[in-house]
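Here is what each chain is made of, one letter per residue.
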Amino acid sequence: LLDGVYPFYLQQRKVSMYDVSTIVVIAVFLTFACSFLLIIPGIRGRVRLYWTLRVLFSLIMGVVIVTVQFTGDWEIGWVRANTSYKSFSPALVSADIGLHIGLAGVNISLRGNPVNQVNETINYNEHFAWSFNADYDQSYSQGLKRGLPRPILYVAEKFTMRSPCSMQRQYRISSHYASATLWVAFCTWLISNMLFSMPVLVYGGYMLLVTGAFMIFSLLSFSTVRNSPMCLVQFGTATLHTGYGGSFWLTLATGLLCFVAGISVVTLHYCNLDLLKTFFDLREDKAEECQQMTEAYVNLHFVNRGL
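Residues numbered from 1 in each chain as written. Predicted model: local features only at pLDDT ≥ 70, side-chain atom pairs only at ≥ 80, totals over all residues. Heavy atoms only, no water.

An unreviewed UniProt entry lists the chain under the name DOXA2 factor, with Eolophus roseicapilla given as the organism. One UniProt comment on the chain, placed under Subcellular location (unreviewed entry), says "Membrane". What the UniProt record of the chain gives under Sequence similarities (unreviewed entry) is the line "Belongs to the DUOXA family." (UniProt positions renumbered as here; feature names shortened; annotations may be inferred.)

Q: Requested: an account of the UniProt feature "transmembrane region" (unreviewed entry) in the chain, with residues and values cited.
A: Per the UniProt record, "transmembrane region" (unreviewed entry) is annotated on residues 20–39, 51–71, 91–110, 177–196, 202–225 and 246–270. A distance of 30 Å separates the end C-alpha atoms of residues 51–71, which is 81% helix and 0% strand. As a span, residues 202–225 carries 92% helix and 0% strand, and end to end its C-alpha atoms are 36 Å apart. (Helix = DSSP H or I, 4+ residues; strand = E, 2+ residues; numbered from the N terminus.)

Q: With reference to specific residues and values, describe the environment of Ile-65.
A: With respect to the helices, strands and loops of the structure, Ile-65 is situated in helix 2 (residues 47–67). Separated by 124 residues in the primary sequence, Ile-65 and Trp-189 have C-alpha atoms spaced 9.1 Å apart. Discounting residues that sit within four places of it in the chain, Ile-65 has contacts with Leu-182, Ala-185, Phe-186, Trp-189, Thr-211 and Met-215. (Contact = heavy atoms within 4.5 Å.)

Q: Please set out the packing of helix 3 (residues 136–146) against helix 4 (residues 150–157) residue by residue, giving values where relevant.
A: Running from N to C, helix 3 and helix 4 cross one another at 160°; their axes reach a closest spacing of 11 Å. The angle between the axes of helix 3 and helix 4 places the two elements in the roughly antiparallel class. Of the two elements, helix 3 crosses helix 4, and the hand of that crossing is left-handed. Contacts between helix 3 and helix 4 involve Tyr-136, Tyr-140, Gly-143 and Leu-144 from the first element and Leu-153, Ala-156 and Glu-157 from the second. The residue inventory of the contact of helix 3 with helix 4, partitioned by class, reads 5 nonpolar, 1 polar and 1 charged. (Axes fitted to C-alpha atoms, helices over the stretch in contact; angles between N-to-C directions. Parallel < 35°, antiparallel > 145°, perpendicular 65-115°, else oblique. Left-handed = near helix turned anticlockwise from the far one by under 90°. Nonpolar A, V, L, I, M, F, W, Y, C, P; charged D, E, K, R; others polar.)

Q: Which residues make up the sheet that holds strand 2 (residues 92–101), and what values do they have?
A: One open sheet accounts for 5 strands, arranged 4-3-2-1-7; its pairing is antiparallel. Looking at which strands have only one partner, the edges of the open sheet turn out to be strand 4 (120–129) and strand 7 (243–244). As paired strands, strand 2 and strand 3 (residues 105–117) are joined by 7 bridges and run antiparallel to one another. Following the sheet pairing, Ala-95 is matched in strand 3 by Gly-112. Where helix 3 meets the sheet, its contacts fall on strand 3 and strand 4, and the angle it forms with strand 4 comes to roughly 160°. (Pairing = 2+ DSSP bridges.)

Okay, here's the thing in structure tokens:
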């Protein structure tokens with residue numbers, strides 16, 4: 001103890017919504033997009049527009065499927081409260097407490113209002129992982145040893161395995177299934193791109209429908225956690241409530257977009273196949289198929305010998 005309270009140490013901050021993995025994924029897909037933009041001037045006519053729409057649409061779907069695996073805003077919540085800052089200290093601070101739940105773990109934020117209070121800068125953001133290769137309880141124990149602020153430890157304790165709330169067990173299982181179905185959606189997205197590069201467009205449309213279905217399944221898996229009774233996270237009279245975040249709604253919008261694209265491809269296959277082949281640059285030029293020779297040059301020497 002230091003003057004009757006636990007000491008506080010500086011620790012590495014972690015962004016609540018994005019981390020290094022997210023930035024790497026976005027950078028990879030941006031590289032693909034920039035590479036395509038460099039070669040697009042070599043495509044002539046209206047086909048250039050069709051190629052641009054197809055490639056950018058496909059890259060957007062792929063980057064969303066992979067990126068939401070690492071974001072931390074599937075479920076978010078904020079509350080402003082007057083709460084104790086240190087253990088065994090009667091001093092109260094006015095702060096905003098945030099909870100950001102992702103598929104790989106939970107982020108807990110503590111931001112003073114104002115930031116400078118009790119002669120300290122109150123601006124914390126801690127990440128506690130629950131993926132397969134991470135130990136949440138060990139991360140929580142390390143937070144205790146580092147002397148994290150009391151509000152962060154109070155929220156983090158709700159997700160420990162020994163907590164009677166069982167919040168980690170509920171979120172961890174649902175997040176694992178959601179992550180698994182998203183990786184299956186990524187595989188079907190790759191297969192759909194392969195099929196669209198071959199003259200089997202209708203099967204590419206079917207795979208887009210499968211991709212959208214697995215994305216919806218991931219949302220259903222994650223949302224099942226809200227059907228269970230949840231422990232209240234209270235700071236005095238204030239209660240921290242959570243709701244679906246940006247990653248959840250982005251996944252839903254992308255899944256619905258996959259459904260729309262897949263249904264459009266299947267419908268055009270049975271109603272207007274020529275238009276579908278034109279859009280995918282697979283339409284054979286009938287003028288070349290039925291082209292007739294309009295002018296010919298004949299060697300008169302061989303003609304006279306034949307006669």
